[in-house]
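# Geometric and topological summary
Listed below are the residues making up each chain.
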Amino acid sequence: MPTREPPRPHPPPRCPPAPGAGTAECLRRWKGLESIGVAINISTRDGKESDAVRYYILSRPLGAKEFADAVHAHWTIENSLHWQLDVTFREDACRVRRGLADANLSVVRRAALGLLKNETSKKIGIKNKRLAAACNNHYIEKFFTQS
């Protein structure tokens, strides 16, 4: 099964894509901005090399090692939690925006994901556990009677 790359962040709207002319005015709009970090990811897939440049706004200046650790921590969260929520619940495709509905659905999805991960009687993936729970009332009871 091919792996899915995480979504790439976009530069701030109506701002130059990289520090340079006209950037100072744009940067004044970001409250608490102390510095900008640039991460360049070079990878090889199927023998073909590609690169991705990502800009990060920072609330404090960071050294190179500290910045690299922060970028790694960010993508670890993105790849483990957000990616799982999108694959299992298609969270990115959800267009609910009225009132607090999107925040409420997010809480429900995270709670459901936790229940799905904790249920270990079936050795199947999270998405298939969700499907099995939807089709089998006895199986779904296991989610709420775990010790």
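Residues numbered from 1 in each chain as written. Predicted model: local features only at pLDDT ≥ 70, side-chain atom pairs only at ≥ 80, totals over all residues. Heavy atoms only, no water.

## Points about the pattern of salt bridges
- Taken as a whole and assessed by the stated rule, the structure comprises 4 salt bridges.
- Arg 60 serves as the salt-bridge partner of Glu 66, at 2.8 Å between the closest nitrogen and oxygen.
- In this structure Glu 66 comes out as partly exposed when scored by relative accessible area, which is 38%.
- The class for Arg 60 is partly exposed, based on a relative accessible area of 46%.
- Each member of the salt-bridge network shares a partner with another, and the members are Glu 91, Arg 109 and Arg 110. (Salt bridge = Lys/Arg side-chain N within 4 Å of Asp/Glu carboxyl O. Buried < 20%, exposed > 50% of the residue type's maximum accessible area, 1.4 Å probe, protein only.)

## So, the confidence of the model for the protein chain
- Confidence in the prediction for the protein chain averages 79 pLDDT; 80% of positions are at 70 or higher.
- Of the regions scoring below 50 in pLDDT, residues 10-14 engages in 4 contacts with residues more than four places distant in sequence or in other chains. (pLDDT = per-residue confidence, 0-100. Contact = heavy atoms within 4.5 Å.)

## Quick look at unusual backbone geometry
- Residue Asp 46 is not a glycine yet carries a positive backbone phi of 55 degrees.
- Position of Asp 46 among the secondary structure elements: in the loop between β1 (35-45) and β2 (48-58).
- One non-glycine residue, Arg 90, lies in the positive phi region at around 50 degrees.
- With respect to the secondary-structure elements, Arg 90 resides in the loop between α2 (64-89) and α3 (101-118).
- Overall, the relative accessible area of 55% leaves Arg 90 in the exposed class. (Helix = DSSP H or I, 4+ residues; strand = E, 2+ residues; numbered from the N terminus.)

## Some points on the packing of aromatic side chains
- Applying the stated criterion across every chain yields a total of 2 aromatic pairs.
- Pairing Tyr 56 with Phe 67 gives two aromatic rings, centres 5.8 Å apart and planes at 75 degrees, and the pair type is edge-to-face. Residue Tyr 56 is found in strand β2, and its partner Phe 67 is found in helix α2; the two are separated by 11 residues along the sequence. Residue Tyr 56 shares its accessibility class with Phe 67, and that shared class is buried.
- With centroids separated by 5.1 Å and ring planes inclined at 75 degrees, the aromatic side chains of Tyr 139 and Phe 143 adopt a geometry described as edge-to-face. Linking Tyr 139 with Phe 143, this pair stays in helix α5 (residues 137-144), spanning 4 residues, or about one helical turn.
- Look at Tyr 139 and you get buried, because its relative accessible area is 3%.
- Among the residues examined, Phe 143 registers a relative accessible area of 5% and is labelled buried. (Phe/Tyr/Trp six-rings, centres within 6.5 Å; stacked < 30°, edge-to-face > 60°.)

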